[in-house]
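Listed here are the chains, written in short residue letters.
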Amino acid sequence: MKHKLIFIRTALILISFLGIGVQSGYAQSEGADLFDEYCADCHSIGEGDMKGPDLMGVEYRYNNKWLLKFIKSSQTVIKAGDPAAVKIWTKFEKNKMPNTKLSDEKIQTIIAYIKSLNTSKPKPKPVVVQTKKGLKKGNSNKGSSVSNQKIDELSSKVDAFGGKINNLEKKINQLIEIQKKALQSKPTSEDIAKGKELFLGRKSFNSKGASCVSCHNIYKIDSLNWNPSAVDLANTYTQTNYYMKDLLLKPQSDKMKAVSKGHELTDNEAFYVAAYINSLEKTELIELPKSHKNLYIFIFIALIMTLAVSDLLFTHKIKPRWINVVLFLLSFAYVANATVNSATEIDLSEGYTPLQPIKFSHKVHVKQNDIKCIFCHNSPEFSKVSGIPSLNACMICHKKVNSGTNSGKFEINKLKKAYKEKTPIKWVRVHSLPDHVFFSHAQHVTIAKQDCITCHGDVKEMDLVTQVSPLSMGWCVNCHKNTEVNFKKNKFYRNFTELHDALKSGKIKKVTADQIGANDCQKCHY
Ligand code: HEC
Ligand code: HEC
Ligand code: HEC
Ligand code: HEC
Ligand code: HEC
Ligand code: HEC
Ligand code: HEC
């Protein structure tokens with residue numbers, strides 16, 4: 001790598017020699033000649049003091065005007081008491097710089113030449129060159145026609161380019177390293193099984209730390225678990241440059257640092273657990289195994305019911321008949337109730353609480369941070385739909401809010417990643433009417449003045465939005481029957497003259513939504 005860079009650099013310098021040299025070449029070589037002729041006896045440039053001081057960098061020690069005066073007649077400047085001149089004179093007391101009879105122009109040419117040799121990088125190696133005064137140590141750039149500024153520019157470009165290559169190389173090496181590690185220690189299904197035991201806490205860790213599943217669940221649950229699920233961990237971190245095992249030995253987040261403090265995993269444990277977590281990549285959370293407890297109870301009680309009936313009618317084993325009657329009635333009530341319940345459960349999505357791709361909590365935002373519904377759902381007042389906020393809306397705050405009290409950085413990182421990659425978040429829809437039903441938020445929120453809470457429940461208390469209303473036809477129709485409309489004040493209803501008359505004569509006390517036609521089939525069905 002290094003060699004390559006040096007090669008590129010040299011090549012560039014050579015190219016610049018040829019290319020740029022032509023214009024400034026004449027002045028440069030004249031400067032070198034003049035220097036050789038008038039100054040080189042006492043001065044070197046970059047080779048140390050001779051009779052007079054080394055002139056390398058002299059342009060930084062004095063300004064041009066001063067140099068011109070000094071080189072013309074050093075003694076005049078020294079005698080005038082110029083402190084810098086006095087200082088250098090006392091240092092080289094024994095030697096005196098003679099007055100030169102050079103024109104201003106020529107002196108400028110010499111100064112320009114001295115300047116041109118001052119290249120701090122790349123520093124030209126001194127080589128032996130032929131001068132008028134015989135063989136002499138000189139400078140490889142001497143007499144050459146390179147503009148040093150140009151070299152600096154080019155070489156800094158080369159450096160930057162080299163830096164980029166270096167970075168790239170580093171990244172590639174990192175990836176190879178990860179790949180290597182993954183290949184070297186490709187876990188077997190036994191390793192994965194061991195990791196699962198540890199993760200689930202069926203086998204305890206050496207350090208007796210908490211089981212991972214106590215925070216990172218592997219089953220779908222209805223309530224919000226703020227900690228990332230095991231699947232979430234796998235899917236998030238296998239897409240990064242992190243190697244899961246390293247992550248477990250050296251946690252990244254404050255939360256995990258706290259968890260593992262004093263409960264560090266051993267190298268082996270980390271390997272097994274990492275194998276298990278990685279094995280969950282691209283999977284989904286498992287449905288909680290359904291408990292059959294209710295079914296067994298149901299069968300047991302149905303059996304009692306049957307026995308009671310058959311004893312009552314045929315076998316007559318139990319003498320006091322009322323026992324059988326009571327048993328039958330109780331068990332019948334239970335069975336009937338359970339049957340109706342399970343039948344209605346199938347139909348309605350009431351209570352539907354899907355998990356969302358990001359753990360967005362209304363409780364955190366609306367209740368704890370006092371954000372109004374309308375800030376995010378900005379159209380219920382004038383449109384059919386309320387609208388789900390875009391990522392941009394989230395980023396108004398989350399460009400600055402980087403972590404949450406409950407979830408640390410994990411969830412907000414997802415948000416930022418989606419924003420960076422411009423991929424919208426796929427929120428799972430909670431409320432949904434069939435296509436053949438028309439429902440308008442504006443009608444209900446703005447005209448009927450219904451609160452969100454009436455239909456959606458107390459959303460500000462929810463971490464996960466749940467559907468609290470059945471959204472059935474009966475639900476809509478009943479509310480229309482029972483809810484009074486603001487009849488008198490609304491000019492839309494002026495042409496309901498019959499209703500107005502009835503109100504005036506006291507025949508009816510109020511007008512409900514269904515009376516103005518809200519329960520006509522075509523109002524709700526296209
Ligand atoms: C005979 C020797 C001699 C020659 C030839 C000579 N100088 Fe000097 N130069 C000196 C000495 C000695 C000093 C130290 C101050 C002094 O004593 O005047 C000096 C100082 C300087 C300084 C101030 C350097 C500093 O670091 O403060 C400059 C600039 C300088 N000379 C430029 C030139 C130039 C340009 C030429 C050629 C045109 C030249 N000198 C020729 C001997 C010489
Ligand atoms: C007390 C709850 C808790 C326990 C116990 C716990 N974790 Fe975590 N873990 C978290 C939380 C919360 C985060 C996310 C924090 C964040 O991103 O800011 C997390 C993050 C992680 C991460 C992502 C990388 C990192 O350093 O943040 C990995 C991997 C992880 N946990 C693995 C495990 C394993 C393996 C175990 C069992 C040995 C375990 N966790 C036990 C709460 C826990
Ligand atoms: C900070 C932004 C924000 C605020 C404030 C907010 N919401 Fe939401 N709301 C969302 C996001 C994002 C979703 C989609 C994810 C979800 O369902 O949790 C959502 C979903 C919902 C849903 C379910 C939509 C569906 O899919 O059927 C309802 C209902 C809802 N919000 C009502 C409210 C009410 C009522 C308020 C005020 C009390 C409110 N929201 C305040 C961002 C917000
Ligand atoms: C008006 C500002 C604001 C907007 C808009 C906003 N948030 Fe937040 N969000 C916050 C604040 C404040 C917190 C709480 C930080 C804390 O817990 O200290 C937070 C916390 C969170 C958390 C972490 C909760 C926790 O306690 O761990 C998530 C995840 C989150 N927001 C997602 C979203 C999403 C998704 C959106 C867009 C639909 C959004 N936020 C819009 C201000 C906002
Ligand atoms: C009269 C009952 C009712 C009221 C009041 C109501 N909603 Fe809804 N909301 C619904 C129904 C029904 C749906 C399902 C609509 C569909 O699937 O077309 C819904 C859907 C939503 C949705 C999801 C999709 C969408 O954009 O429509 C959001 C978000 C929502 N409501 C927010 C609100 C907010 C915020 C308020 C208060 C300003 C509110 N709702 C007031 C009944 C209501
Ligand atoms: C909380 C009570 C309530 C619920 C629940 C409700 N509505 Fe309404 N709805 C009203 C009221 C009140 C009005 C009368 C608004 C007005 O015009 O003043 C209305 C009006 C309407 C209208 C307009 C009727 C017209 O005269 O143009 C339609 C359509 C409608 N609702 C559809 C529905 C559907 C579909 C559902 C169920 C998904 C539903 N509503 C649920 C209270 C409700
Ligand atoms: C206030 C609004 C509203 C009115 C008025 C209304 N419906 Fe409905 N209807 C609904 C809703 C909401 C559903 C969807 C219920 C569901 O998905 O469970 C529905 C569903 C239906 C279905 C389909 C049932 C199914 O299984 O999908 C039929 C058929 C139907 N309505 C007929 C009618 C007829 C006929 C009328 C007039 C007498 C009428 N509706 C008036 C709101 C209304």
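Please refer to the structure placed before this passage.
Quick caveat: nothing in here was measured; it's all calculated off a predicted structure.

A. Quick look at the site of ligand 2. Taken together, 24 residues are adjacent to ligand 2, and Cys-212, Cys-215, His-216, Ser-253 and Met-256 come closest. Contacts to ligand 2 include His-216, whose side-chain N or O atom sits 2.7 Å from a nitrogen atom. Within the backbone of Lys-409, a nitrogen or oxygen atom sits 2.7 Å from an oxygen atom of ligand 2. Listed by contribution, the elements that provide at least two residues to the shell around ligand 2 are helix H9 (230-237), helix H10 (244-249) and helix H11 (254-260).

B. The arrangement of the coordination of the iron atom of ligand 6 in detail. At 1.9 Å from the iron atom of ligand 6 lie its protein donor atoms, namely His-444 (NE2) and His-480 (NE2). Around the iron atom of ligand 6 sit six donor atoms; with metal-centred angles ranging over 88 to 180°, the donor geometry is octahedral. Of this pair, His-444 sits in helix H19 (residues 441-447) while His-480 sits in helix H21 (residues 473-482), and the two are 36 residues apart along the sequence. According to the relative accessible area criterion, His-444 is partly exposed, its value standing at 22%.

C. View of the pattern of salt bridges. Applying the stated criterion across every chain yields a total of eleven salt bridges. Here Asp-232 and Lys-414 are joined by a salt bridge, their closest N and O atoms 3.0 Å apart. Taken together, the residues span a long stretch of sequence, with Asp-232 in helix H9 and Lys-414 in helix H18 (residues 410-421) at a distance of 182 residues. There is no split in this pair, since Asp-232 and Lys-414 are both buried. Here Glu-281 makes a salt bridge to Lys-282, at a shortest N to O gap of 4.0 Å. The structure contains a network of salt bridges with shared partners spanning Asp-232, Lys-359, Glu-411 and Lys-414.

D. Region of the structure containing the coordination of the iron atom of ligand 1. Only His-43 (NE2) and Met-97 (SD) from the protein reach the iron atom of ligand 1 as donors, at distances of 2.0 Å. Each of the six donor atoms around the iron atom of ligand 1 contributes to a set of angles spanning 83 to 176°, which defines the coordination as octahedral. Taken together, the positions of His-43 in the loop between helix H1 (2-38) and helix H2 (58-61) and Met-97 in the loop between helix H5 (83-91) and helix H6 (104-117) put the pair 54 residues apart, joining distant regions of the chain. On the accessibility criterion, His-43 (9% relative accessible area) is buried. For Met-97, a relative accessible area of 25% translates into the label partly exposed.

E. Expanded view of the environment of Pro-228. With respect to the helices and strands, Pro-228 occurs in the loop between helix H8 (189-199) and H9. Measuring from C-alpha to C-alpha, the distance between Pro-228 and Gly-408 comes to 9.9 Å, with 180 residues separating the pair along the chain. Setting aside residues no more than four positions away along its own chain, Pro-228 makes contact with Cys-215, His-216, Leu-233, Lys-359 and Phe-410.

F. Spatial organisation of the packing of helix H3 (residues 64-72) against H6. With their axes 10 Å apart at the nearest point, H3 and H6 run at an angle of 115° to one another. For the element pair H3 and H6, the recorded crossing hand is right-handed. Residues Asn-64, Leu-67, Leu-68, Ile-71 and Lys-72 of H3 form the contact with H6, whose own contacting residues are Asp-104, Ile-107, Gln-108 and Ile-111. For the contact of H3 with H6, the residue count by class is five nonpolar, two polar and two charged.

G. Broad picture of the nonpolar core. Counting residues in each nonpolar core, the largest one holds 25 residues, and the members touching the most others are Phe-199, Met-244, Leu-248, Val-273 and Ile-277. In this structure Phe-199 touches Ser-211, Cys-212, Val-213, His-216, Ile-218, Ala-230, Val-273, Tyr-276 and Ile-277, once residues within four positions along its chain are discounted. In this structure, Ala-32, Leu-67, Leu-102 and Ile-114 belong to the second largest nonpolar core, which totals 24 residues.

H. Region of interest: the packing of aromatic side chains. This model, assessed by the stated rule, comprises eight aromatic pairs. Taken together, a centroid distance of 4.7 Å and an interplanar angle of 10° make the contact between Trp-66 and Phe-70 stacked. Pair noted here: Trp-66 and Phe-70 are both in helix H3, with a separation of four residues, about one helical turn. Considered together, Trp-66 and Phe-70 belong to a single accessibility category, that of buried residues.

I. Layout of H9. Of all eight residues that make up H9, six are buried, and the element is covered over most of its length. Along H9, the residues that are buried comprise Ala-230, Val-231, Asp-232, Leu-233, Ala-234 and Tyr-237. The secondary structure elements touched by the buried residues of H9 are H8, H10, helix H12 (267-279) and H18.

J. Inspection of the site of ligand 7 at higher detail. Neighbouring residues of ligand 7: 14 residues in total, closest Met-473, His-480, Cys-521, Cys-524 and His-525. One nitrogen or oxygen atom from the side chain of His-525 is found 2.7 Å from a nitrogen atom belonging to ligand 7. Looking at the shell around ligand 7, the elements that each hand over two or more residues are H21 and helix H23 (521-524). Looking at the shell around ligand 7, the element that brings in the most residues is H21, giving three residues. Along the lines of polarity and charge, the residues of the shell around ligand 7 split into nine nonpolar, four polar and one charged.

K. The environment of Glu-350, seen in detail. Tracing the backbone through its elements, the reader meets Glu-350 in the loop between helix H14 (321-347) and helix H15 (362-368). Measuring from C-alpha to C-alpha, the distance between Glu-350 and Ser-469 comes to 5.7 Å, with 119 residues separating the pair along the chain. Leave out the neighbours within four places in its chain, and Glu-350 touches Gln-467, Val-468, Ser-469 and Pro-470.

L. Inspection of the packing of H9 against H18 at higher detail. At a closest axis distance of 12 Å, the pairing of H9 and H18 adopts a crossing angle of 40°. The orientation of H9 relative to H18 falls into the category oblique. Taken as a pair, H9 and H18 cross one another with a handedness that is left-handed. Together, Asp-232, Leu-233, Thr-236 and Tyr-237 of H9 and Phe-410, Glu-411 and Lys-414 of H18 make up the contact between the two elements. Residue classes in the contact of H9 with H18 are distributed as three nonpolar, one polar and three charged.

The rules behind the values
- Residues numbered from 1 in each chain as written.
- Chains lettered and ligands numbered in written order.
- Predicted model: local features only at pLDDT ≥ 70, side-chain atom pairs only at ≥ 80, totals over all residues.
- Heavy atoms only, no water.
- Near = heavy atom within 4 Å.
- Polar contact = N/O pair within 3.5 Å; in protein donor to acceptor, adjacent residues only side chain to side chain.
- Helix = DSSP H or I, 4+ residues; strand = E, 2+ residues; numbered from the N terminus.
- Donors = N, O, S within 2.8 Å, 3.2 Å for Na, K, Ca; no water.
- Tetrahedral: all angles 85-135°; square planar, octahedral: opposite > 155°, others 65-115°.
- Buried < 20%, exposed > 50% of the residue type's maximum accessible area, 1.4 Å probe, protein only.
- Salt bridge = Lys/Arg side-chain N within 4 Å of Asp/Glu carboxyl O.
- Contact = heavy atoms within 4.5 Å.
- Axes fitted to C-alpha atoms, helices over the stretch in contact; angles between N-to-C directions.
- Left-handed = near helix turned anticlockwise from the far one by under 90°.
- Nonpolar A, V, L, I, M, F, W, Y, C, P; charged D, E, K, R; others polar.
- Core = buried A, V, L, I, M, F, W, Y, C linked by side-chain atoms within 4.5 Å.
- Phe/Tyr/Trp six-rings, centres within 6.5 Å; stacked < 30°, edge-to-face > 60°.
- Parallel < 35°, antiparallel > 145°, perpendicular 65-115°, else oblique.

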